[in-house]
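What follows is each chain in one-letter form.
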Amino acid sequence: PSGGGGGGGGVYRACLVNDVTQWTSKVVDLSLRSGERGPDGHVPYPGDYVDVPVKDPGLAAEEHVKPVSNLLEQISKKLTAVEDKQRTARHRLDLHSALNLQSHSRMVVGSLFETAVFVLVSVGQLWLLKRWFMGRGLPV
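It should be emphasised that the depicted structure is a prediction, and the values quoted were computed from it without experimental measurement.

K.L.:
Would you explain the overall build of the protein chain in this entry?
P.N.:
Along its length, the protein chain carries one helix and zero strands. Within the protein chain, the proportion of its 140 residues that are buried is 6%. Taking all contacts inside the protein chain whose residues are at least 6 apart in sequence as the whole, residues at least 24 apart take part in 39%. Counting every atom, the protein chain has about 12500 Å² of accessible surface; 62% of that belongs to carbon and sulfur.

K.L.:
Please explain the confidence of the model for the protein chain as it appears in this structure.
P.N.:
The predicted coordinates ought not to be read in detail in places where the model reports low pLDDT. For the protein chain, mean pLDDT is 76; residues scoring 70 or higher make up 54% of the total. The low-confidence segment residues 1–6 (pLDDT under 50) makes 20 contacts with residues lying over four places distant or belonging to another chain. A low-confidence stretch, residues 49–54 (pLDDT under 50), is modelled with eight contacts involving residues beyond four sequence positions or located in other chains.

K.L.:
Honestly, the environment of S122 in this entry has me stumped. Any pointers?
P.N.:
The topology assignment puts S122 in helix α1 (residues 62–133). For S122, a relative accessible area of 23% gives the class partly exposed.

K.L.:
I'm lost on the packing of aromatic side chains in this one. Help?
P.N.:
Tallied over the full model, the rule gives one aromatic pair. With centroids separated by 5.3 Å and ring planes inclined at 40°, the aromatic side chains of W132 and F133 adopt a geometry described as tilted. Overall, the relative accessible area of 65% leaves F133 in the exposed class.

K.L.:
Would you take a moment to explain a nonpolar patch on the surface for this structure?
P.N.:
Together, V68, L72 and I75 make up an exposed nonpolar region whose accessible area comes to about 240 Å². Looking at where V68 falls in the secondary structure, it is placed in helix α1. Classification of V68 by relative accessible area gives partly exposed; the value is 32%.

K.L.:
I keep staring at the pattern of salt bridges and nothing clicks. Help me out?
P.N.:
Two side chains with opposite charge may pair up if their charged atoms get near one another. Under the defined criterion, the tally for this structure stands at one salt bridge. D84 is the partner of R87 in a salt bridge, and the nearest nitrogen-oxygen pair spans 2.7 Å. A residue pair is termed a helical-turn pair when its members lie 3 or 4 positions apart in one helix, as R87 and D84 do in helix α1 at three residues. Its relative accessible area of 37% is what places D84 among the partly exposed residues.

K.L.:
Quick question: what am I supposed to make of α1 here?
P.N.:
Because each turn of an α-helix spans 3.6 residues, side chains separated by three or four positions end up pointing in the same direction. Under the 1.5 Å per step criterion, the end-to-end length of α1 is 104 Å for 72 residues, consistent within 8% with the ideal 106 Å. G135 lies just past α1 and shows a positive phi near 90°.

Basis of the calculations
Residues numbered from 1 in each chain as written. Predicted model: local features only at pLDDT ≥ 70, side-chain atom pairs only at ≥ 80, totals over all residues. Heavy atoms only, no water. Helix = DSSP H or I, 4+ residues; strand = E, 2+ residues; numbered from the N terminus. Buried < 20%, exposed > 50% of the residue type's maximum accessible area, 1.4 Å probe, protein only. Contact = heavy atoms within 4.5 Å. Areas by Shrake-Rupley, 256 points an atom, 1.4 Å probe, with all protein chains shown as cover. pLDDT = per-residue confidence, 0-100. Phe/Tyr/Trp six-rings, centres within 6.5 Å; stacked < 30°, edge-to-face > 60°. Patch = residues over 30% accessible without salt bridge, like charges linked within 9 Å, V, L, I, M, F, W, Y side chains within 5 Å. Salt bridge = Lys/Arg side-chain N within 4 Å of Asp/Glu carboxyl O. Expected span 1.5 Å × (residues − 1).

Now the structure itself:
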C-alpha cells in the first residue's frame, strides 16, 4: 500500500461515501496513478508537476488495472439495470397517481351531487310538513 515511488505493490482500497444524498445520480471519476510522490506526499495528477520521473512503471500496469476495470464494468451494468427498474417504477407510479387523481375527482363530483339531492329532498320534506301542519293538507 505505498502509493508510488518506492516500488510498493499490494492491495489498494478506495472508499466512496454517499452520506449526503442517496437518491440522486452521481458521476464517479476514478483514476489510478503511478509515479514519484510530490512534496506533499501524494502522487500528482498529470500536469501537476513537470518532468516527474516514474520510478516504477509497472505500479499501475494493465494486469493490476484489468480486474478493477472488469469490476467497474459489472457495477456499471448493474447500475444501468437498477436505473431501468427505477424508471419503470416511476412510470408505473405516475400512471397510478393519475388514475387515483381521476378517481378522486369522480368521487368528489358524485359526493357533491348526492349532497345536492339530499338538500333538495330535505327542503321538499320541510315544505310538505309545513303545509300539512298549517291545515292545507297534502297536495293531490
